[in-house]
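So you can see what is in the structure, the chains are spelled out below.
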Amino acid sequence: MGSSHLRPPTAMAIRARLGFVILLLLFFSATLSAALYEDQVGLADWHHKYIGKVKHAVFHTQKTGRKRVVVSTEENVVASLDLRTGFIFWRNVLGKNDDIDQVDIALGKYVVTLSSGGSILRAWNLPDGQMIWESTLPVSTPSKSSLYVPANINVGKDNLILVFGGSSIHALSSMDGQIVWRKELSIDSLEIQQIFQPHDSDVINAVGFVGSSEFVVYHISYRTGEVMQQSKASFESGFCGEASLVFDNLVVALDASKSSLVSISFKNEVINFHQINLSDLVPDFSGKVTLLPLKFNGMLAIEIASSIHLLRVKGANELEFVEKISHPFAVSDALPLSKEQQAFAILQHEESKIHFKVKSDNDLRNEILKETIQMDSHRGNIEKVFINNYIRTDRTHGFRFLVVMEDHSLLLIQQGEIVWTREDGLASIVDSTTSELPVEKEGVSVAEVEHNLFEWLKGHLLKLKGTLMLASPDEVAAIQAIRLKSSEKNKMTRDHNGFRKLIIVLTRAGKVLALHTGDGRVVWSVLLPALRRSETCGNPFALRVYQWQVPHHHAMHENPSVLVVGRCGHGFDAPGIFSIVDSYTGKVQNSLMLEHSVSHIMPLPLTDSTEQRLHLIIDAKLQAHLYPKNSDSLKHFFNEMPNIYWYLVEVEKNKIRGYSLENKAELDTAEEYVFQAKELWSIVFPSESEKIAVTATRKMNEIVHTQAKVVADQDVMYKYISKNILFVATVAPKAAGEIGSATPEEALLYAYLIDTVSGRILHRVCHQGAQGPVHAVVSENWVVYHYFNLRAHRYEMSVIEIYDQSRADNKDVWKLVLGKHNLTVPVSSYSRPDVMVKSQSYFFTHSVKSMAVTATAKGITSKQLLIGTIGDQVLALDKRFLDPRRSVNPTQSEKEEGIIPLTDSLPIVPQSYITHSLQVEGLRSMVTIPAKLESTTLVFSYGVDLFFTRIAPSRTYDSLTEDFSYALLLITIVVLVAAIFVTWALSEKKELKEKWR
Amino acid sequence: MEKGKGLARRWAVEFAENSYSSSPVDVPDPMGFSRSSSDPDDANASRQKKEAEAAWKAQKAWEVAQAPVKNLLMMGFMMWMAGSTVHLFSIGITFSALWQPISALQGVGKVFEPYKDPRVDTLAPKLLFIALNLAGLVLGIWKLNTLGLLPTHASDWVSSLPPASEVEYAGGGLPVH
């Protein structure tokens, strides 16, 4: 770059070079702006690690070494947690589709995980989580599969790990993961239920069902996989597929009608069935029956109508009802205490109390342990429990309980106390929004905003004690916590720069949590009652969270609130759920079951007189419902109704349809708030050549500072700024699969820009040989999208900028000075402005998980694209690199404008990773929130982990850096003022002398 | 400036001492001194002296009036050296180029005060002085324009305009799931 400017040193060249050097300086300072020094890590950012809802847990509490529990979760994480503190020793996040089926510990040093429907087995080193080996099992169809790791560890002997699923059994060496033998039990529709190994034998038994009526038992050699014995018998009324192994030679199964139990005893190739009616066993039997997979000697647990019944198996045809435990409850797996004794735990909820009972198989009627603890109501019911025992000093058994709650949090309970808690619901955030903190009022101390008076007094007393050196270690810790809380970045009040906010997140469990942007702590949390499983709503799930009320001018005394929208069931026609939550306290203000379904939620740019935002909910029948339901909002809405449109993207039908609203209902009826859709336009993509891959729109709250783009030589281009631009990318159906599934000739990618009011296609472009996955982001007047170029074998990023040609004539300075122009006149989409499009494509090295763009308070600061990379990091890329006007040899004026010379690929500067050395595991989304300081954007990215930071795309040009020396500035000012006075006095004196001369 | 003023005053004071017009009236002339009976030779000499002084004054005034030319040339060179990009150096030069003529124009009267004389016509030099300074000002403004600091383009007026609001609002998209 520099060599092209080595001309003879004439004045012209000096001039040019001077400008160039300044440009270069600017360029470097801009690229370095996102970088941090090592000691700045953690000042403005925080990173929290989570694991998700625990599915399986295996304790590792040998006497030597650290006590730990290995867990696998629904977020496909396998992790080792410290049993004392709950901290993560190590953690491995598997791929998105690599569901963990089971986890176990082999040889006492490896953690073995079975995933992807029983097809991948991996071993991880127990102390540090390094992968030891991985083996892929040839499983024809992924099915329910299980892992069997022999418990009797004979050190030195290579233990085999058995994986069974469908009709095949694999035995793998636990040392290196080699498949030692494989047995395909060549019977169609065989479903192996259980594998077990009788004590001290080299034979394993596999029991299963063939079809729905036949029961099979195999005796297989553990070493070679040879079938030593095989027996079969059929039962005429059939099985439903659930079975529980009660003894080594007795299985209890449910029959096809689910009304009776069948005990199946097998011994030496003889299989006997014995049917027992459930109604004979269980008093007042009715409802749905399921067998709980409780591997417990001589006992059976069945769930009937959401209460649990324990049955004791005395013999092949003798069952006895023991106990009924009503909902809500949780039952643990069996835990061997000694060779003969087993124990299991039953947990039962009673309002805010949880009763823990541990029973052993010696005496089912009585409990070994009985404890009760108090539990916060905002954690919901217990979902799962895992138990572990330890020997107390008096040689009795003590128990630990690892409890998974309804909000996906994880607790360890020991001796009737909660030892630690992990808020792992935060690993599955569904949606998020932000809220401002309360204003720090003059005369009202911060403490009063935060707590009540008592707390405040207590805090001051503590501090006093601390200064008088009277505080105990606990109190010192409390003082530290208070200090941390009241330190500048963690205060519970609004700050001048707008850095302190609440991030309100909605998790999959239906819990709403408010996180403080200062350190990411949970300010409040609430498990929404409306989103909990209940009689009326069996399968609720959380959809979105929106800002409901943001008081500005009116209703100032009210707290802001958020709207949580859920749905009762998975179908699109399932009824919706509304919940309004106070943003400051987490109190549920209102909660209602809607009578209609929720398929679209449209926050409108209107508020009613109490500043509640108007929302239109569109149901599956294409009716629009207005919320909040009051006459005031209706009045506001009617004013704007002719200008409100909506559109529907139907991916299955390859169609986009646009609608307007009309109200047919009489006034003062319940139907008043319901509006009908009137179809205006539709765009049908030809299904043989195109398939909708992705759509993207501008963020509703994005602020654009100016409509003009000043290009080289002070020329003006008018941006086409419309909130109603929809970007749609379609791919050829043949190339809709994974990369490599189609040839470049078959692959096509079309990019559309559509006006969603009139349905006008503003621009359409075709990329030959390109295919998905497509990621797109729309902002101001541009779209950036990312896709794969099959011809170049590289990822590409394209930019489309759209300009308004109909305003391009507004170039007369005098008319502009005098205000005789039409640039601020409201624009209608029906005026069909002429548009001009500029676009360019660049290669990009990374594949992308998600994309976002920075947003600032006034939209003046230049933009950066945030790219969630495949390595779960967030990369900030200047929009300047994605400028369609880049050319190979920019002119002098273009260089001055900041246009970078054209390169074929986009640079990835290592310093511009805003996550620096951290990884946001399982990254799903990035949210940008404008701070009050124009130069700064807050970035919240979430996946399994949470990461928050603030970035300044053009550096913090509007504030001094934090390490700015105010003292030096003050001293300089003081010295200067003093110098002025001294010199003034001296000059006065001198002048006087002159006059006397 | 300050020094020049002081000099002029002292100089004027000396002249006033010898001047006939401003002699104190209340003090009587000494005995035998007749103001009217001055020597004609002496009077001639003083007239000649006054004429020479007037000529010198006019010459000086013209010199002062032409002084901005040098300034102008130097400024032009400096501006050319500074280039057309906006940075500290070019801005400093441009503003000094603007400030110098303005301050000079403000002090026109003071600059020519020492050469005030009933027999000297200071109007022409004054006009030249003003014209040259105006030329300097124009040069400065031209420089300001080349730096792009004058709002002479449409872009300067449009950038501050907010984007036009939209009449319609459309929402929707993919069904939420």
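Residues numbered from 1 in each chain as written. Chains lettered and ligands numbered in written order. Predicted model: local features only at pLDDT ≥ 70, side-chain atom pairs only at ≥ 80, totals over all residues. Heavy atoms only, no water.

### With respect to the overall build of chain A
Quick reminder of the rule: Under the scheme used here, helices are H or I runs from DSSP no shorter than 4 residues and strands are E runs no shorter than 2 residues, and both carry numbers assigned from the N terminus. For every residue, the accessible area obtained with a 1.4 Å probe (protein chains only) is divided by the maximum for its type, and the residue is called buried under 20%, exposed over 50%, and partly exposed between those limits. The contact criterion used throughout is that any non-hydrogen atoms of two residues lie within 4.5 Å. Residues scored as charged are limited to Lys and Arg (positive) and Asp and Glu (negative), so that His and the chain ends carry no count. A charged residue contributes its charge at one atom only: NZ of Lys, CZ of Arg, CG of Asp or CD of Glu.
A count of helical and extended segments in chain A gives 9 helices and 64 strands. Within chain A, the fraction of its 997 residues that count as buried is 52%. A separation threshold of at least 6 residues defines the contact pool for chain A, and within that pool the share at least 24 residues apart is 50%. Distance between charge centres in chain A, computed from 102 positive and 110 negative side chains, equals 5 Å.

### Focus on the overall build of chain B
Going by this rule: Using the Shrake-Rupley algorithm and a 1.4 Å probe, accessible areas are obtained, with residue cover drawn only from the displayed protein chains.
A count of helices and strands for chain B gives 6 helices and 1 strand. Scanning chain B from its N terminus toward the C terminus, one meets helices and strands in the order α-α-α-α-α-α-β. The long-range share in chain B, meaning contacts at least 24 apart out of those at least 6 apart in sequence, stands at 75%. Of the accessible surface of chain B, which amounts to about 11800 Å², a share of 64% is contributed by carbon and sulfur atoms.

### Description of the interface of chain B and chain A
Stated formally: Here the quantity called buried area is the accessible surface, traced with a 1.4 Å probe, that two parts lose on coming together, added over both. Salt bridge criterion: a side-chain nitrogen from Lys or Arg within 4 Å of a carboxyl oxygen from Asp or Glu. Residues adjacent in sequence count toward polar contacts only when both atoms are side-chain atoms; beyond that, a polar contact is any pair of N or O atoms within 3.5 Å, and within protein one must be able to donate a hydrogen and the other to accept it. For this classification, Asp, Glu, Lys and Arg are treated as charged, while Ala, Val, Leu, Ile, Met, Phe, Trp, Tyr, Cys and Pro are nonpolar and the rest, including Gly, are polar.
At the junction of the two partners, chain B supplies 32 residues and chain A supplies 59 residues. The contact between chain B and chain A buries some 3900 Å² in all, and 63% of this surface belongs to carbon and sulfur atoms. For the chain B face of the interface with chain A, the top three residues by lost area are B:Glu168, B:Tyr169 and B:Val176, together amounting to 20%. The interface formed by chain B and chain A includes 0 salt bridges. Counting across the interface, chain B meets chain A through 20 residue pairs in polar contact (both at pLDDT 80 or more). Across the side of chain B that touches chain A, the residue classes break down as 16 nonpolar, 13 polar and 3 charged.

### Here we look at the pattern of salt bridges
Residues and elements named next belong to chain A. Overall, the coordinates contain 33 salt bridges over all chains when judged by the stated rule. Note that Glu780 and Lys719 form a salt bridge whose closest N and O atoms lie 2.9 Å from each other. Placement of the pair is Glu780 in the loop between strand S55 (770-779) and strand S56 (782-789) and Lys719 in the loop between strand S51 (715-718) and strand S52 (725-731), with a sequence separation of 61 residues. Classification of Glu780 as buried rests on a relative accessible area of 8%. One salt-bridge network, held together by shared partners, links Glu74, Glu75, Arg508 and Arg924.

### A word on the nonpolar core
Using the following cut-off: Buried residues of nine kinds, namely Ala, Val, Leu, Ile, Met, Phe, Trp, Tyr and Cys, make up a nonpolar core once their side-chain atoms join them within 4.5 Å.
Within the largest apolar cluster, 35 residues are counted, with the highest numbers of intra-cluster contacts made by A:Val71, A:Leu402, A:Phe940 and A:Leu946. The next biggest cluster of nonpolar side chains, apart from the first, holds 21 residues, and it includes A:Leu347, A:Phe356, A:Val385 and A:Phe401.

### A word on the sheet that holds strand S46 (residues 644-650) of chain A
Stated formally: Two strands are said to pair when DSSP picks up at least two bridges between them. Axis geometry follows a simple rule: fit a line to the C-alpha atoms, using only the stretch in contact for helices, then measure angles between N-to-C directions, giving values from 0 to 180 degrees.
Taking strand neighbours across the sheet as the criterion, the 7 strands line up as S43(A)-S44(A)-S45(A)-S48(A)-S47(A)-S46(A)-S1(B) in an open arrangement whose pairing is mixed. A single partner strand is all that each edge strand has here, and the edge strands are strand S43 (600-607) of chain A together with strand S1 (169-173) of chain B. When the angles between neighbouring strand axes are averaged without regard to direction, this sheet yields 30°. The sheet contact formed by S43(A) and strand S44 (residues 613-618) of chain A spans 5 bridges and is antiparallel. Paired with A:Met602 across the two strands is A:Leu616, which belongs to S44(A). The sheet contacts of helix H6 (residues 631-640) of chain A involve S43, S44, strand S45 (623-627), S46, strand S47 (655-662) and strand S48 (674-684) of chain A, and relative to S43(A) the element is tilted by about 90°.

### With respect to unusual backbone geometry
All names here are of chain A. The omega angle of the peptide bond from Tyr627 to Pro628 is -5°, so this bond is cis rather than trans. Relative to the helices and strands, Pro628 is located in the loop between S45 and H6. With an omega of 0°, the peptide bond running from Gly772 to Pro773 counts as cis. A positive phi angle is found at His408, which is not glycine, with a value near 70°. Mapped onto the secondary structure, His408 falls in the loop between strand S32 (397-405) and strand S33 (410-414). With relative accessibility at 7%, the residue His408 sits in the buried group. A positive phi is found at Glu611, a non-glycine position, where the angle reads about 60°. With respect to the element layout, Glu611 can be found in the loop between S43 and S44. Look at Glu611 and you get buried, because its relative accessible area is 9%.

### Here's the deal with the state of the cysteines
Residue and element names in this part refer to chain A. Here is the rule: The rule for a disulfide is simple: a pair of cysteine sulfur atoms within 2.5 Å.
Scanning the model with the defined rule gives 1 disulfide over all chains in all. Residue pairing for Cys537: its cysteine sulfur links by disulfide to Cys568, the two sulfurs lying 1.9 Å apart. Linking Cys537 in the loop between strand S38 (522-527) and strand S39 (540-549) with Cys568 in strand S40 (residues 561-568), this pair joins segments that are 31 residues apart in sequence. On the basis of relative accessible area, Cys537 is assigned to the buried category, the value being 1%.

### Some remarks on the UniProt feature "transmembrane region" (unreviewed entry) in chain B
All names here are of chain B. We apply this condition: UniProt positions are given in the numbering used here, feature names are shortened, and annotations may be inferred rather than shown by experiment.
UniProt records the feature "transmembrane region" (unreviewed entry) at residues 77-102 and 122-142, using the numbering of this structure. In residues 77-102, helix accounts for 81% and strand for 0%; the two terminal C-alpha atoms are 20 Å from one another. This span, residues 122-142, is 95% helix and 0% strand, and a straight line between its end C-alpha atoms measures 30 Å.

### With respect to the sheet that holds strand S11 (residues 160-165) of chain A
All names here are of chain A. One open sheet holds the 4 strands; their spatial order is S10-S11-S12-S13, and the pairing between them is antiparallel. Edge positions in the open sheet fall to strand S10 (145-148) and strand S13 (179-184), since each of these has one partner strand only. Strand-to-strand twist across the sheet, computed as the mean angle between neighbouring axes with direction ignored, equals 15°. Pairing analysis gives 5 bridges linking strand S12 (residues 168-173) to S13, with the strands arranged antiparallel. Note that in S13 the partner of Ile169 across the bridge is Lys183.

### Some points on the packing of helix H3 (residues 88-106) of chain B against helix H5 (residues 123-146) of chain B
When two helices pack together, their arrangement is captured by the angle between the axes and the distance separating the axes. Residue and element names in this part refer to chain B. Threshold: Oblique is the label for every angle not falling under 35 degrees (roughly parallel), over 145 degrees (roughly antiparallel), or within 65 to 115 degrees (roughly perpendicular). Crossing handedness is defined as follows: a turn of the near helix away from the far one that is anticlockwise and smaller than a right angle gives a left-handed crossing, while the clockwise case is right-handed.
Across the interface, H3 lies against H5 with an axial gap of 8 Å and an inter-helix angle of 155°. On the basis of the axis angle, H3 is roughly antiparallel to H5. In this structure, H3 crosses over H5, and the sense of that crossing is left-handed. Here H3 contributes Thr94, Ala97, Leu98, Pro101, Ile102, Ala104 and Leu105 to the contact with H5, which in turn contributes Phe129, Ile130, Asn133, Leu134, Gly136, Leu137, Gly140, Ile141, Lys143 and Leu144. The residue inventory of the contact of H3 with H5, partitioned by class, reads 12 nonpolar, 4 polar and 1 charged.

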